[in-house]
Structures are given as structure tokens and as C-alpha cells.
Amino acid sequence: MNSFTRSLTALDDDALRRLITARPDAFFPAPPQIASLATRLALPGSIARALRRLTAPDLALLERLADAGAEFDPYDAAGEAAEGKLDNLRAHALVFGGDDELRIAPGVLSAVPAGWRVTDPVPDNVDDLIAEISAPERKVLETLATNGGVGTTKAAAPDADPSTPVATLIAKGLLVRVDSSTVRLPRPVRDVLRGHPPRTFPMTQPSAPDIDQDRVDTAATTQGLDAVRQLRQLITLLLAEPVALNKDGSVGVRARTNLSKELGFDPALLITIGESAGLIGRGNVEDADVLAATKDALTWLDATLPDQWAILLTGWAASPWRTDKDEKLLSPEMHSPDARGARLTILRQHGDPDRLFYFAPLPASQLPPSFIDTVIEEARFVGALDATPAASTPLTALLDTSDIAAATRSLVPAPVDTLIAQADMTVLAPGPLEPEMGAFLESIAELESPGMASVWRITDASVRRGLDSGLTADEIHAWLDDHVMGEVPQGIAFLIDDTARTHGSIRAGAAMSYLRSADPALITTAAEKLSGIIRPLAPTVAVSQLPLPKLMDALRKAGLQPTAEDETGAQLNMAPEPALVPATPSHLPRPTAVTDEQADQIIARLRSEVPGTHPAPAPAGDTIEVLRAAARGRRQVTLGYVDKNGRGQTLTALPLSVSAGQVDAHVAATDAVVRIALPRITKVVMA
């Protein structure tokens, strides 16, 4: 039983419970014994998840312990323990032992990204220094940046030729001398090489700003409901006419531009949200791959405003699409499932960069600045954050995995059913509108000022749009009379009547199809514009071989305003049945969690182990881990291995690198570097 396993055996129930809470992935399924738990806690994936939960001070302390050699020898950390600085590292089993003989747990330093340090200072004028370096110096930096950040070279010695690229870079502060034969690329320098601003990580917790939650929620609700309105417009448009896709399933630039013109806004973000929420999908309709609405979209359109907002917000948070990339919409290059976890990391810190780099330095350091900025901007658009930025109540519910719909219902005011019409041709909605009422108003008016209290303007074009959708002037008048407080202003009534007077003067029916109008000039105009498609039979009647829907479309494209009728002359609604595609919703990643009852069962199982009945197996990664630790700490090891002739050999050497199933080691006795395949190694002992 190694020392790390013994330290786990010595944990009391409270300490074990904290460990289960901090690293639940190591306890599913429940480990049968402490030795198995020790092996799981040393797995690279489990350690990497634990490191991502550490704060900047936690990582800085871990780096100080590593620099002091705590990976190999006990370290007196009584001072740090007295200040409570070790609590988080202990809770995650990343260190073990008494306060005066502390050790770093096996595998921890191997899980830290190569060359990454939270305490690396930013060199003065680092951008200018990198811009002025020579080509050989740049090649050294780029080689280190792509190969882990640590390199071995004789030019690192203090007495080496100062004119070499390595020595020059050390003098400029762009490289760090680890020892006489090793250099390291500082993290801020690597950031600049990648085109990112050098990042610093605060060592003191940022102060929490004073938040007026009511003000935050009011602003977020206003923006969230406007996002709902835009998504409703997008889905309604797709129900009327799906959008053809490129061969790779992406939305073409021309299709996106056309959608933007019709909607009056860029729908890119809403398309990704709708696809993630299962409201918009991609499928085959009439032998063509299209972007279209789904059956779930019809249900969403009928839902209440709070439920619509909750679904939109969840769909955005679970979206696997990265809109910060300059790629074709919904292309494979935009798809990134990891974006969901990264987005939640940013949201947990309310989009505050100081909080983000303090509480989540390791995951934050791996996020491009453009992604962080885009997430914050999108969060404001969907009503997750306000302009501060501060978290809205629905976002807090989402992060806590509680009822998001209940949170949105508590914020969205009761819908209004009374409008205020004004003489300047505007209509004021003093509160949010039910989806059905909002859809009718959208069909006859243009939105001029969005918000929970919105302003709409009735124009000739907007009334004509409503008439084109199948409404009559009488129906519009009746709807306004039912919903407008007081009398409808005469200007609005006259505009509706004037627009309707010329609308539908030309009538279409099926013959294959026919045209009729009391005005012979309209028949003549239609025949001239659609020559070869329409054939006049009389001054007021013409026929066509086109089916009625296609004839209606051709007449509208020619600038005419037809309405359809049946054989009795009754007006028909020619809206086609919507083409629907299957939904492919995304889901938020669910973190592993352990209930109190499960924790009690796990502890009881570990305590029931009878000493000696289950000999602890040697962890499979011990050999590799010892070699990696020796390479990091520049410590010699005694290697036992089998040579190519099958004979056992022993040598004392300094491991230089461990990768690709082999170890490169420097043998001081012969001043040579040997390469040994890892499967041939039989034992490794620190010299």
C-alpha cells in the first residue's frame, strides 16, 4: 500500500464526504476498496476535471509546492494550512499527508497542461518585444509553443554564448531558464504568439458588485421577450417557405442574406438556438435538403410567453454551435459540443472577466477572447445577463438546475389584451402580448419600438401584407375594434379601407385556373406581364394552364394583388400546409452528482473492507508517472529494462521526455541519450 492510499485510508467520514462531493466521477460505480479509489483518483481524466475547479490562488499554491519538490519529498506547509489555503486542494485529494509533510498526489502535475503556469508574469511591452524578435528567435518560440512549452538546450546555461537565440530570448524575458539545460516558454508569451492578449490571473477574490436584481430582471425580461418575438418571426417565415441548404447541410450566404432582408435582422444566432431547442431542423422536403420548422415549433408557437422564453434560453445554453467562428451557418466547422461546457463556465461567473480568471483560471485560459465576448453578447440577447453584466433570475435557475419556466413566469407580466391606437398611425401595446394576439398585430403593423411595452406602426405596406395573408378589411376593423381602447382613429380606418379598395380587385380561380376582374385594364395588364401564361377570354376574364397556387404566386411577383376564390366566389386562404422536419434538440451536459444517501452507502462500503483481503494492485500508470515526474523535476532514476536480446539491464539516467510509448533519458556516465520502449521497462526507482 503506497503513501497516497494510506492517506485515503486515514480520512474520517466528513473528509470522505467532502471528497465525494468534490470528485464524484471517481465514485461511480462505487469503488470496492480504498486501493481502487486511489487508482481512480490518479487517473488523468479525473485529475484534469478536479484541476478545472481550482481557483487561481489554489493553482498558484500547487505551483509553489511543485517548485519546492513536494512531488518527491514531504514539504512543511504548516503556514499555508494555518491560513486555510490547503483546504480546497485537500478536498479534491490533490495533496495528501500532514501539514508538515505535505505531498502532491500522484499524477496531478502530469494533468496540468504542458508549460502552463498561473503565476507567469507578463513581460513589459511583450507585444513590442515579440514584434521585434529575429526569425531564428521566433522559430524557437513557435517550436516551444507547439511542443509543450518546455525544451532542453545547452544554450540555457548562464555561461552560454549570449548571442544565441535562446540566450537572447532569456535576456528579454521571453523565455524562462529552468536550469542550465532547460528553458520554458511563459504562458503570456504563448498567448501573444497565438494572437491573444496576455492574460493575468487575480490572486485576490474580486469584490462582488452591488446588484439591483429587480432592475437586472426588468432589463433581461425586456430583451428576452424581444428575442422570443424574433424567433417567432423566423419560425413563421420557415413555416411559409423552408430555406434550401448547401450540400454539407449549411445555410448559404445568399440564403442567410435573403432571410435577413425579409426579417429585418440577422437570424444566424436564432437559427442555432432554434436548432438546439428542437424548433428548427434540417431535413428532406420534396427531394430537397432544407432548413424548416419542426412539429415542436408548432407547440412552441402556441405556448405562453414565459414558457417560450424558458425554452429559448435553455436552447441557447445547450447549443453546440459556435457563432464566434467566421464559418458558414450550421457548417461542421461551427459544430463544437465542448462549447456547451465552456459557455456554462462563463455564465457561472456572470460574464465578469475578473471573476472568470479568478474562479476558473484553467478552463478560462483555454477559451479564445472572441468566444468569451460572443457568449456575453449572446447572453444579453436572450435575457440571461443584463448590460452590467449581472445574472438574471432565469439564468440563476438554469445554473442551479431548478425550474427555469417558474423563474420566467415570475418575471413576465400578465399579457394585455387592450391596445392604445394613436392618430399618428401607431399602436401602443402597454404590456406583453399573447402569441396569437402578437402574431395578428405583426401581420398588419411594423414593430417600431420593442420591449415589454411596444409600439407598432400601421402602414400601407403592413396592411397589404395582412390582406395578402388572407385577412379582409372587415376582419382587420373588427379585430381593432375588439382590442383598441376607445375608438380607432379615423386615419387608421381610412388607411385600411384605401388599401383594401384596390386589393383583390383581380380575382383568381381554378380552370386549370382563371382570372376575373370588374376592371378590364387589370386583365390587360396581367396578360401583358404574364404573356404566354395568361390568355384573355373576355375583357374581364382570362384563363391559365398554371395551377391556382402557382398562378397566385406569378401574379404577386408581377406586382398585382390577387385574392383566391372558390367556385361560389368565396375567398380562399391559399397558405400551403407547412413543411415540417424532424427535431434534433441538444441538451445541457449533466454533471455527475452524489446524493447524501449514496454518499453514506459509498462510505459504508469502503469502511467494510477487511484489511489484507484485497491486496492493492500496482497502478498501471505508476511507471509512466514516475518517469514524467523525474523529467519535470530533473531527478535521476534507476531503470530496470529488458534489452533487444531479452537480457535484463539496469542503468541510472535522467529522463528527458516521456511520449509516444517511449522514454528518452540522458546517461551521465556515457554522456549519451538512450531511448527505451515503455513496455520493456520492468521497474523505475528514484535514484
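The shown structure was predicted, so the numbers you read here are calculated from the model rather than taken from an experiment.

Conventions used here
- Residues numbered from 1 in each chain as written.
- Predicted model: local features only at pLDDT ≥ 70, side-chain atom pairs only at ≥ 80, totals over all residues.
- Heavy atoms only, no water.
- Pairing = 2+ DSSP bridges.
- Helix = DSSP H or I, 4+ residues; strand = E, 2+ residues; numbered from the N terminus.
- Axes fitted to C-alpha atoms, helices over the stretch in contact; angles between N-to-C directions.
- Phe/Tyr/Trp six-rings, centres within 6.5 Å; stacked < 30°, edge-to-face > 60°.
- Buried < 20%, exposed > 50% of the residue type's maximum accessible area, 1.4 Å probe, protein only.
- Expected span 1.5 Å × (residues − 1).

(A) Spatial organisation of the sheet that holds strand 19 (residues 637-642). The 5 strands lie next to each other as 22-21-20-19-23, forming an open sheet whose pairing is antiparallel. Of all the strands in the sheet, just strand 22 (672-677) and strand 23 (681-686) have a single pairing partner and so form its edges. Between one strand axis and the next, the sheet turns by 45° as a mean value, whatever way the strands run. Examined bridge by bridge, strand 19 and strand 23 share 5 bridges and lie antiparallel to one another. By the bridge assignment for strand 23, L639 is matched with V684.

(B) Here's a closer look at the packing of aromatic side chains. On inspection of all chains with the given rule, the structure shows 5 aromatic pairs. Considering the side-chain rings of Y358 and F359, the 4.8 Å spacing of their centres and the 85° angle between planes classify their relative orientation as edge-to-face. On the basis of relative accessibility, which here comes to 22%, the residue F359 falls in the partly exposed class. Relative to W479, the ring of F440 has its centre 4.4 Å away and its plane inclined at 15°; by these criteria the two rings are stacked. Taken together, the residues F440 in helix 24 (residues 435-444) and W479 in helix 26 (residues 473-483) connect sequence positions 39 residues apart. Per residue, the accessibility class of F440 equals that of W479, and both read buried.

(C) Inspection of unusual backbone geometry at higher detail. A cis geometry characterises the amide bond from F28 onward to P29, with omega recorded as -10°. Assignment of secondary structure puts P29 in the loop between helix 2 (13-22) and helix 3 (34-41). The step from T388 to P389 runs through a cis peptide bond, and the omega angle for that step is 0°. Note on placement: P389 falls in the loop between helix 21 (369-382) and helix 22 (393-399).

(D) How the structure looks around the sheet that holds strand 11 (residues 446-449). Overall, antiparallel pairing links the 4 strands, which are arranged 9-10-12-11 in an open sheet. In this open sheet, the two edge strands, each paired with only one partner strand, are strand 9 (420-421) and strand 11.

(E) Helix 17 (residues 305-317), seen in detail. With 13 residues, helix 17 extends 18 Å from end C-alpha to end C-alpha; this agrees with the ideal 18 Å at 1.5 Å per step. Within helix 17, 10 of the 13 residues are buried, which leaves the element mostly enclosed by the surrounding structure. Listed as buried for helix 17 are L305, P306, Q308, W309, A310, L312, L313, G315, W316 and A317.

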